[in-house]
Amino acid sequence: MQPNSIERLEQLIELLNDYAYHYYVLDKPIASDHDYDVLYRELVDIETLHPEWIRPESPTQRVGGQLLEGFKKVSHAQSMYSLGNAFNENEVAAFIERVTNAASGPVSFMCECKIDGLAIALTYEAGKLVRGATRGDGTIGEDITHNIRTINSIPLQLRRPISTEVRGEAYMPKAVFAALNAARDEKGEVPLANPRNAAAGALRQIDPKMAKQRQLNAFIYDSILTESFNPMSQEELFNQFSEVGLRTNPLRRLCQTKDEVMDFIHEVGAKRHDLPYDIDGVVIKVNDFQLREALGFTVKAPRWAIAYKFPAEVATTVVRDVEWT
Ligand SMILES: NC(=O)c1c(N)nc(OC2CCCC2)nc1O[C@@H]1CCC[C@@H]1O
């Protein structure tokens, strides 16, 4: 294969995107940073020699050059629903009872961490990322493709050439939030209030270079054009997401009873402070898609899911000991 050939360019894109999948999506690197950097440099060199060969799915294209004036509006093909809330075990029990009464047999529930970030919608055509949008009011969002592309765990090209729209949560990892605030403190700048606001600010940046600096991450949890996926359940949908290269949160559990749901809620609640991301609860979803179909939606939210919210935390303000002179 010729060194500066289009075949070599295509091979490098495939290789580098595969390395990125293992590193950012599976969190299991298969190449050293050095090896990645050497190949990345080779790709940049070929693209510099032949700019007409540059592909949108090339890893060198994550940070675009042109700045937008503003954000285009996006009307969601299917509403991005919100979730009804449950604040205690009784309300969880009531949800489970209501759903079980509507079912013809035992119901299983997929329980997921409720990531405290921003809902996003990603559109892929023939496996290539063509659009990223905010939830907005659930019906109309904003086109933030240029910033979505800077999130390393969101593939620019799926591992299967499918066309679909998937939904998930973009968030700022706690460690990134702490580092950004330390840097701002150094410069005497006002600190960011919390990771959620910081992520919202990042996705609203006009300049993708600024968004990239915010080092956001994302988990995918839903899809609306499921003809590309043919899942019978949330469990299967998560497995199919992984197969095509989409990142999902492994901290989830399929539960058969209210007690198992509550056990998961208590376990996640106990480890909440050690998680690398902020959560504000647990989302409890009917696993089976046929039962979801039967239950349907209210105007605002699905009848087949509920968000158990953790009690608001008491902000412990540390009062410094005053040196009495
Ligand atoms: N924040 C989350 O981690 C989360 C999740 N794990 N799963 C869902 O499922 C959707 C599917 C249909 C209705 C809710 N939604 C989530 O967050 C939503 C986005 C908008 C309102 C909720 O925060």
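Below is a summary of the structure that appears in this document. This one's a predicted model, so the numbers in the text were calculated from it and none came from an experiment. In this convention, every chain numbers its residues from 1, walking through the sequence in written order. Where totals are concerned, whole chains, interfaces and linings use all residues; where local detail is concerned, this predicted model gives features only for residues with pLDDT of at least 70, and gives and counts side-chain atom pairs only at 80 or more. Processing note: side-chain calculations cover all non-hydrogen atoms of the structure and skip hydrogens and water entirely.

Let us look at the packing of aromatic side chains. Stacked, tilted and edge-to-face pairs are distinguished by plane angle, under 30 degrees for stacked and over 60 for edge-to-face with tilted covering the rest, among Phe, Tyr and Trp rings (Trp via its six-membered ring) whose centres lie within 6.5 Å. Taken as a whole and judged by the stated rule, the model has 10 aromatic pairs. Arranged with centres 6.0 Å apart and planes meeting at 25°, the rings of Tyr36 and Tyr40 form a pair that is stacked. Here Tyr36 and its partner Tyr40 are both found in helix α2 (residues 33-49), 4 residues apart, which amounts to about one turn of the helix. Every member of this aromatic cluster is reached through a ring pair, and the members are Tyr81, Phe297 and Trp304. Put simply, a charge is over a ring when the Lys NZ or the Arg CZ is close to the ring centre, within 6 Å, and near the line of the ring normal, within 35 degrees. Of note, Arg252 hangs over the ring of Phe238, and the distance from its end group to the ring centre comes to 4.1 Å. Note on conventions: DSSP H or I runs of at least 4 residues are helices, E runs of at least 2 residues are strands, and numbering of each starts at the N terminus.

What follows concerns the site of the ligand. As a matter of local geometry, the ligand sits amid 16 residues, with Glu112, Cys113, Ile115, Tyr221 and Lys285 nearest to it. N or O atoms within 3.5 Å of each other form a polar contact, as long as, within protein, one can give a hydrogen and the other can take it, and as long as residues adjacent in sequence are counted only when both atoms are side-chain atoms. Glu112 places a polar side-chain atom, nitrogen or oxygen, 3.0 Å from a nitrogen atom of the ligand. The backbone of Cys113 places a nitrogen or oxygen atom 3.3 Å from an oxygen atom of the ligand. Residue-level accessible areas treat just the shown protein chains as cover; the underlying method is Shrake-Rupley with a 1.4 Å probe. For the ligand, whose unbound accessible area comes to 490 Å², protein coverage reaches 90%. Among the detected pockets, the ligand sits in the largest pocket. Elements with a minimum of two residues in the shell around the ligand: β3 (109-115), β8 (217-223) and β10 (279-286). Put simply, Ala, Val, Leu, Ile, Met, Phe, Trp, Tyr, Cys and Pro go in the nonpolar bin, Asp, Glu, Lys and Arg in the charged bin, and everything else, Gly too, in the polar bin. Taken together, the residues of the shell around the ligand sort by class into 9 nonpolar, 1 polar and 6 charged. In this text, near means that some heavy atom of the residue lies within 4 Å of the molecule or strand in question. Detection works on a 1 Å grid of protein atoms alone, calling trapped sets that fit a 1.4 Å probe cavities and calling open sets with protein on both sides within 12 Å along at least five of seven lines pockets, with lining residues defined by an atom within 4 Å of a point. Placement in a cavity or pocket follows one criterion, namely that more than half of the molecule's atoms lie within 2 Å of its grid points.

Glancing now at helix α8 (residues 234-244). For α8, the complete set of buried residues consists of Gln234, Leu237, Phe238, Gln240, Phe241 and Val244. The buried residues of α8 occupy an angular sector of 165° when projected down its axis, which confines them to one face. Positive backbone phi, approximately 105°, marks Gly245, located one or two places after α8. Exposure is judged per residue with a 1.4 Å probe applied to protein chains only, and the accessible area is read against the type maximum: over 50% gives exposed, under 20% gives buried, and values in between give partly exposed. This arc is taken over the directions from the axis of the helix to the C-beta atoms.

A few words now on the layout of surface pockets. Grid points are joined across faces, edges and corners, and a volume is the space filled by probe spheres set on the points. Reported here for the largest pocket is a volume of approximately 1,300 Å³. Around the largest pocket sit 48 residues that line it, and Met80, Tyr81, Arg167, Tyr221 and Asp222 are the ones nearest its centre. Of all the elements, β8 adds the most residues to the lining of the largest pocket, at 5 residues. Its residues assigned to classes, the lining of the largest pocket comprises 22 nonpolar, 10 polar and 16 charged. Estimates place the volume of the second largest pocket at around 720 Å³. As for the second largest pocket, its lining consists of 36 residues, and the residues nearest its centre are Leu16, Asn17, Asp18, Ala20 and Tyr36. Every element with two or more residues in the lining of the second largest pocket is listed here: α1 (6-25) and α2. A breakdown of the residues in the lining of the second largest pocket according to their chemical character gives 20 nonpolar, 6 polar and 10 charged.

This paragraph deals with the packing of helix α3 (residues 89-102) against helix α9 (residues 258-271). Remark: α3 packs on α9, axes separated minimally by 10 Å, with the N-to-C direction vectors making an angle of 135°. Between α3 and α9, the interaxial angle falls into the category oblique. Pair α3 / α9 crosses with right-handed handedness. On α9, the residues that touch Glu89, Val92, Ala93 and Ile96 of α3 are Lys258, Val261, Met262 and Ile265. For the contact of α3 with α9, the class distribution of residues is 6 nonpolar, no polar and 2 charged. Helix axes use the C-alpha atoms of the stretch in contact, all axes being lines fitted to C-alpha atoms, and the angles between their N-to-C directions lie in the range 0 to 180 degrees. We call two directions roughly parallel when the angle between them is under 35 degrees, roughly antiparallel when it is over 145, roughly perpendicular when it lies between 65 and 115, and oblique otherwise. Helix crossings are classified by the rotation of the near helix relative to the far one: an anticlockwise turn of less than a right angle makes the crossing left-handed, while a clockwise turn makes it right-handed. In this analysis, two residues are considered to be in contact whenever any of their non-hydrogen atoms come within 4.5 Å of each other.

The subject of this paragraph is the side chain of Thr145. In this structure, Thr145 sits in helix α4 (residues 145-148). Once residues lying within four places of it in the same chain are set aside, the contact partners of Thr145 are Val130, Arg131 and Gly132.

Salt bridge, as used here: a side-chain nitrogen of Lys or Arg that lies within 4 Å of a carboxyl oxygen of Asp or Glu. Counted under the stated rule, the structure contains 13 salt bridges. The partner of Lys73 in a salt bridge is Glu142, with the nearest N and O atoms 3.6 Å apart. A residue pair is termed long-range when its members are at least 10 positions apart, and Lys73 in strand β1 (residues 73-75) and Glu142 in strand β6 (residues 140-142) qualify at 69 residues. Looking at Glu142, the relative accessible area reads 22%, which means it is partly exposed. A salt bridge links Lys309 to Asp280, with the nearest nitrogen and oxygen atoms 3.1 Å apart. Highlighted residues: Lys309 in strand β11 (residues 305-309) and Asp280 in strand β10, separated in sequence by 29 residues. Since its relative accessible area comes to 15%, Asp280 is described here as buried. Members of the salt-bridge network, linked through shared partners, are Lys114, Asp280 and Lys309.

Relative to the assigned elements, Gln290 resides in helix α10 (residues 289-295). Put simply, Gln290 and Ala103 are 187 residues apart on the chain and 10.0 Å apart in space, counted from C-alpha to C-alpha.

To continue, consider the nonpolar core. In this text, buried Ala, Val, Leu, Ile, Met, Phe, Trp, Tyr and Cys residues form a nonpolar core when linked through side-chain atoms within 4.5 Å. If you look at the biggest cluster of nonpolar residues, it comprises 35 residues, and the most contacted ones within it are Ile120, Leu122, Ile148, Ile154, Leu203 and Leu246. Of all the secondary-structure elements, those providing two or more residues to this core are β4 (118-125), β7 (164-171), α5 (174-186), α6 (195-203), β8 and α8. Per element, the largest residue contribution to this core is 5 residues, and it comes from α6. By size, the runner-up hydrophobic cluster in this structure holds 33 residues, among which are Phe219, Val282, Leu291 and Ile306.

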